[in-house]
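Survey of secondary and tertiary structure
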Amino acid sequence: MPSHSPWIHTPPPEKSFRSIFRWGDPNTFKHPNSRLHAMLKETFGLGDRDFLTPRFTGEERVSETLPSTLPQAFIQAMERAVGPEQVERDAFSRIRYSTGKTTEETLALRHQRPEGVTDLVVHPRHKRDVQAIVSLCHEHRIPLSVYGGGSSVTLGHRMEKGGVTLVMATHMNRVLSFNEEDHAVTVEAGISGPDYEAALNEAPKRFGALRPYTCGHFPQSFEFSTVGGWILTLGSGQASSYYGDAADLLLAVEVITPRGVIVTQSVPATATGPKIQDIFKGSEGAFGVLISVTLKIFRKMPENTKRFSFIFPDWKKAVAASREITQAQCGMPAVFRISDAEETDVALKLYGVEGGPLDSLMRFSGYRPMERCLALGTAEGEAGFSRNVAKNVRNIAKKFGAMGLTSYPVHKWEHGRYLDPYMREDLLDFGIIIDTLETGVTWSALHRVHDSVRAFIKARPQTICMTHASHFYPQGTNLYFIFIARMEDLDSYRAFHRKIIERILHAGGTLSHHHGVGRMMGPFMVKQLGEENMELLRAVKRHLDPHGILGPGVMGL
Ligand SMILES: Cc1cc2nc3c(=O)[nH]c(=O)nc-3n(C[C@H](O)[C@H](O)[C@H](O)COP(=O)(O)OP(=O)(O)OC[C@H]3O[C@@H](n4cnc5c(N)ncnc54)[C@H](O)[C@@H]3O)c2cc1C
């Protein structure tokens, strides 16, 4: 790290606010490169002097005092039930496990103002502990929230009225069974992405399997999220267009609710009425504590992966080609993403393509900056299949005016896919927010939503707005908006963010495509679903959780 670099390159101090809100591994860093830094300076009219001193960094240590209203008798009963060593009451742990990864939470903690802090943190060791915790909270009518990996970007962990937070990842992270014949594995819900994937990759050694397997689900938060969290927030991985969204992978659940234990059977298909486990997909902890899941698995064949990238003349052509790829019934790519013109511009800077030979070739061939759109992806599976999918994608892309760009941009994207979130705090240290909103759209609504949301964001002076689509279905896709703006105070951020959500809904996008609802989107749920549908969810909640203790406020319930 050069000595003149403005970015903080030391791990957050122990027990500091920064150690709570900063993304990922404390010793991993990715800073904006010189091209991105130059672009930020130019966009926001900043000079080197504006990057001399980071502000509101949250490096202060969390104080030891934080009031709690939880009855002492209840705390003692909890300690008796699960063992005192599994219970934490200190301020740091309480704030840590009440905080997800929204910009809103980061801004609050940078000013040392935590909101909605839990009273007690409990680390269950097994199912019996979870049952005891749920029973105690139900009996005493104490709110109970579940913390998986904590990567929620929808205020999934905020506890407005305090209560108990149960942490799944500490102990409940085991593989319970592996069934190669059925291509199914059962794991505890608190297992992390990397531990889960490692178990499948090492299946021959660990379970005597004939070959290695993969889970097929790789969200950008993969390293710091749990398998339970994926299912309960209806997540989508980067290779979802081929493997499916998280909910598509679910075969069976075991859930502990105040009403009792719900267990479903793992079968490929059954005509026995609506599937009970489907009720829990996306339920975000409002219906019960998910303790284990049975999931589909896939053969791992990385040697067959084909990588491709293209440049399209414009967004309309990139969208039209993507629709044809998904509707042509010629096999789906695994990773597939198209970036609009502004995102393409930034990506080409980040990847070091701008100003190089590939850029010259693109310009020479008529692919103009701020019009051209990047598409990249992979085809996976059996060798002949992946070769064929890549060939079909190439043929369709060409029909829509694209030029091939080799696999170079894909390698650059792969290198940054888990590292980019580390840049958020670098920008915020200098009062620049980078935030995201995402939505599901049909093909017929896509341009309306994209135009409308972009127009709103760009109407704010000096605001960058980048968009991509990265999860594809024959009926539509998602739109993922990233905005970068100078904004330090929480209220203006909240107001801007809220208006973008309203724009999305008004133009016909869904409230969320894969981040879930949490408490952030909760107030919009009636508008999104309608009163009758919402009442159905409330009825399920009333049945499973009669005292309404589970994840209060989540999903607008
Ligand atoms: C940098 C970054 C990148 C991201 N990229 C993606 C992406 O590419 N794709 C994607 O889909 N999402 C993404 N997300 C969002 C987030 O990672 C997902 O929503 C993820 O699925 C959450 O998993 P988790 O284990 O962290 O859940 P948590 O944040 O711990 O919990 C999420 C919600 O589920 C509830 N919950 C969790 N586990 C249980 C359980 N066992 N029982 C009952 N309730 C439970 C919680 O109470 C909470 O309401 C990203 C987030 C960040 C910060």
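Residues numbered from 1 in each chain as written. Predicted model: local features only at pLDDT ≥ 70, side-chain atom pairs only at ≥ 80, totals over all residues. Heavy atoms only, no water.

Regarding unusual backbone geometry
Residues apart from glycine generally show negative phi values, whereas peptide bonds are mostly found in trans. Threshold: Helix and strand definitions here come from DSSP, where helices need a minimum of 4 consecutive H or I residues and strands a minimum of 2 consecutive E residues; each element is numbered from the N-terminal end. Note on exposure labels: buried denotes an accessible area under 20% of the residue type's maximum, exposed denotes more than 50%, and partly exposed covers the range between, all computed with a 1.4 Å probe on protein chains only.
Despite not being glycine, L155 shows a phi value in the positive range, around 60 degrees. Examined against the element boundaries, L155 turns out to sit in the loop between β3 (144-147) and β4 (164-167). The phi angle at L234 is positive, at roughly 55 degrees, despite the residue not being glycine. Position of L234 relative to the elements: it lies in the loop between α9 (227-232) and α10 (240-243). Classification of L234 as partly exposed rests on a relative accessible area of 38%.

Some thoughts on the site of the ligand
Worth spelling out the cut-off: Proximity criterion: a residue is near a molecule or strand once any of its heavy atoms comes within 4 Å of it. The definition of a polar contact used here is a pair of N or O atoms within 3.5 Å, where within protein one atom must be able to donate a hydrogen and the other to accept one, and adjacent residues in sequence count solely through side-chain atom pairs. Every accessible area reported is derived by Shrake-Rupley at a probe size of 1.4 Å, with residue values counting cover from the shown protein chains alone.
Near the ligand you find 33 residues, and of these V146, G148, S151, S221 and T226 are the closest. Backbone polar atom of G229 to an oxygen atom of the ligand: 3.3 Å apart, as the coordinates give it. Considering the ligand on its own, with 960 Å² of exposed area, one finds that the protein chains cover 95% of that surface. Put simply, the parts of the chain that give the shell around the ligand at least two residues each are β3, α9 and β10 (289-296).

Quick look at the UniProt feature "binding site: substrate" (unreviewed entry) in the chain
The following threshold applies: UniProt positions are given in the numbering used here, feature names are shortened, and annotations may be inferred rather than shown by experiment. We call two residues in contact when some of their heavy atoms are within 4.5 Å.
The residues that UniProt annotates with the feature "binding site: substrate" (unreviewed entry) are R424. In this fold, R424 is placed in helix α17 (residues 423-428). Residue contacts for R424: discarding those within four places in its chain leaves F21, K101, T102, T103, T106 and I434. Among the polar contacts listed, one links the side chain of R424 to the backbone oxygen of K101, at a separation of 2.9 Å.

Thoughts on the packing of helix α3 (residues 72-82) against helix α6 (residues 127-140)
Applied cut-off: Between the N-to-C directions of two axes lies an angle of 0 to 180 degrees, each axis being a line fitted to C-alpha atoms and, for a helix, fitted only over the stretch in contact. Roughly parallel means an angle under 35 degrees; roughly antiparallel means over 145; roughly perpendicular covers 65 to 115; every other angle is labelled oblique. Each crossing gets its handedness from the near helix: less than a right angle anticlockwise from the far helix is left-handed, clockwise is right-handed. Under the scheme applied, nonpolar residues are Ala, Val, Leu, Ile, Met, Phe, Trp, Tyr, Cys and Pro; charged residues are Asp, Glu, Lys and Arg; polar residues are all the others, including Gly.
Their axes nearest at 9 Å, the elements α3 and α6 cross at an angle of 160 degrees. When the interaxial angle is binned, α3 and α6 end up roughly antiparallel. Between α3 and α6 lies a crossing whose hand is right-handed. Residue-level inspection shows F74, A77, M78, A81 and V82 of α3 in contact with α6, the latter providing D129, A132, I133, L136, C137 and H140. Its residues assigned to classes, the contact of α3 with α6 comprises nine nonpolar, one polar and one charged.

Observations concerning the environment of S407
Assignment of secondary structure puts S407 in the loop between β15 (403-404) and α16 (408-416). Separated by 262 residues in sequence, S407 and S145 place their C-alpha atoms 44 Å apart.

Some words on the nonpolar core
What counts, and what does not: The set of buried Ala, Val, Leu, Ile, Met, Phe, Trp, Tyr and Cys residues whose side-chain atoms join them within 4.5 Å is what this entry labels a nonpolar core.
The biggest cluster of nonpolar side chains holds 135 residues, and the ones touching the most others in it are M78, V164 and Y196. Among the elements that take part in this core, helix α19 (residues 490-507) stands out by supplying eight residues, more than any other. Beyond its immediate chain neighbours, meaning those up to four positions away, V164 contacts F74, M78, T118, L120, V122, I133, C137, I142, P143, L144, S145 and M159. Counting residues in each nonpolar core, the second largest holds 17 residues, with L36, F51, M423 and L427 among its members.

Description of the packing of aromatic side chains
Each pair of aromatic rings is reported with the distance of its centres and the angle of its planes. To keep things clear, this is the line we draw: Think of it this way: a Phe, Tyr or Trp ring, Trp meaning its six-membered ring, pairs with another when their centres are within 6.5 Å, and the plane angle makes it stacked under 30 degrees, edge-to-face over 60, tilted otherwise.
Under the definition given, this model contains 20 aromatic pairs. When the centroid spacing of 6.0 Å and the interplanar angle of 25 degrees are considered together, the rings of F222 and Y418 count as stacked. Residue F222 is found in the loop between β7 (213-214) and α9, and its partner Y418 is found in the loop between α16 and α17; the two are separated by 196 residues along the sequence. F222 gets classed as buried once you look at its relative accessible area, which sits at 7%. Here F483 and F496 contribute two aromatic rings whose centre-to-centre distance is 5.1 Å and whose plane-to-plane angle is 85 degrees, an arrangement assigned as edge-to-face. Of this pair, F483 sits in strand β19 (residues 476-486) while F496 sits in helix α19, placing them 13 residues apart in sequence.

Overview of the sheet that holds β4
Whether parallel or antiparallel, the strands of a sheet pair through hydrogen bonds between backbone atoms. Stated precisely, the cut-off is as follows: The pairing criterion for strands is at least two bridges between them, as found by DSSP.
On the basis of which strands lie adjacent, the open sheet formed by four strands has the order β1-β2-β4-β3 and mixed pairing. The sheet terminates laterally at β1 (87-88) and β3, the two strands that pair on one side only. Looking at chain direction, β1 and strand β2 (residues 120-122) are connected through two bridges and run antiparallel. By the bridge assignment for β2, V87 is matched with V122.

Observations concerning the UniProt feature "domain: FAD-binding PCMH-type" (unreviewed entry) in the chain
Under the local residue numbering, the UniProt record ascribes the feature "domain: FAD-binding PCMH-type" (unreviewed entry) to residues 114-300. When the span residues 114-300 is considered, its composition is 23% helix and 24% strand, and the gap between its end C-alpha atoms is 43 Å.

Side note on the side chain of T344
Residue placement: T344 occurs in helix α13 (residues 341-350). Residue T344 is classed as buried on the basis of its relative accessible area of 0%. When neighbours within four sequence positions are excluded, T344 is seen to be in contact with I311, S339, R372, C373 and L374.

Points about the packing of helix α2 (residues 34-44) against α13
Contact pair α2 / α13: the axes reach a minimum separation of 8 Å and the direction vectors enclose 135 degrees. The angle between α2 and α13 falls in the class oblique. Of the residues in α13, those in contact with R35, L36 and M39 of α2 are V346, K349 and L350. For the contact of α2 with α13, a count of residues per class yields four nonpolar, no polar and two charged.

So, the pattern of salt bridges
Side chains carrying opposite charge are able to pair once their charged atoms draw close together. Heads up, the condition is: Any carboxyl oxygen of Asp or Glu within 4 Å of a side-chain nitrogen of Lys or Arg constitutes a salt bridge here.
One pass over the full model with this rule turns up 31 salt bridges. Measuring nitrogen to oxygen at the nearest pair gives 3.4 Å for the salt bridge that ties E115 to R494. Placement of E115 in the loop between α5 (103-110) and β2 and of R494 in helix α19 is noted, with a sequence separation of 379 residues between them. For R206, the salt bridge identified is with E202, shortest N-O distance 3.4 Å. According to the relative accessible area criterion, R206 is partly exposed, its value standing at 43%.

Looking at helix α15 (residues 383-399)
What counts here: Working rule for helices: expected span equals 1.5 Å times residues minus one. This arc is built from the directions going out from the helix axis to the C-beta atoms.
Between the first and last C-alpha of α15 there are 25 Å, a value that for 17 residues agrees with the 24 Å anticipated at 1.5 Å per step. When α15 is considered as a whole, its buried residues turn out to be S386, V389, A390, N392, V393, I396 and A397. Seen along its axis, α15 keeps its buried residues to an arc of 160 degrees; they face one direction. When the buried face of α15 is taken as reference, the exposed residues oriented beyond 90 degrees from it are R387, K398 and K399. On the buried face of α15, the contacting elements are β12 (306-312), α12 (315-327), β13 (336-339) and β14 (373-379). Of the residues flanking the start of α15, the one acting as N-cap is E382, its side-chain oxygen 3.1 Å from the backbone nitrogen of G384. Looking one or two places after α15, you find G401, whose phi comes out positive at around 85 degrees.

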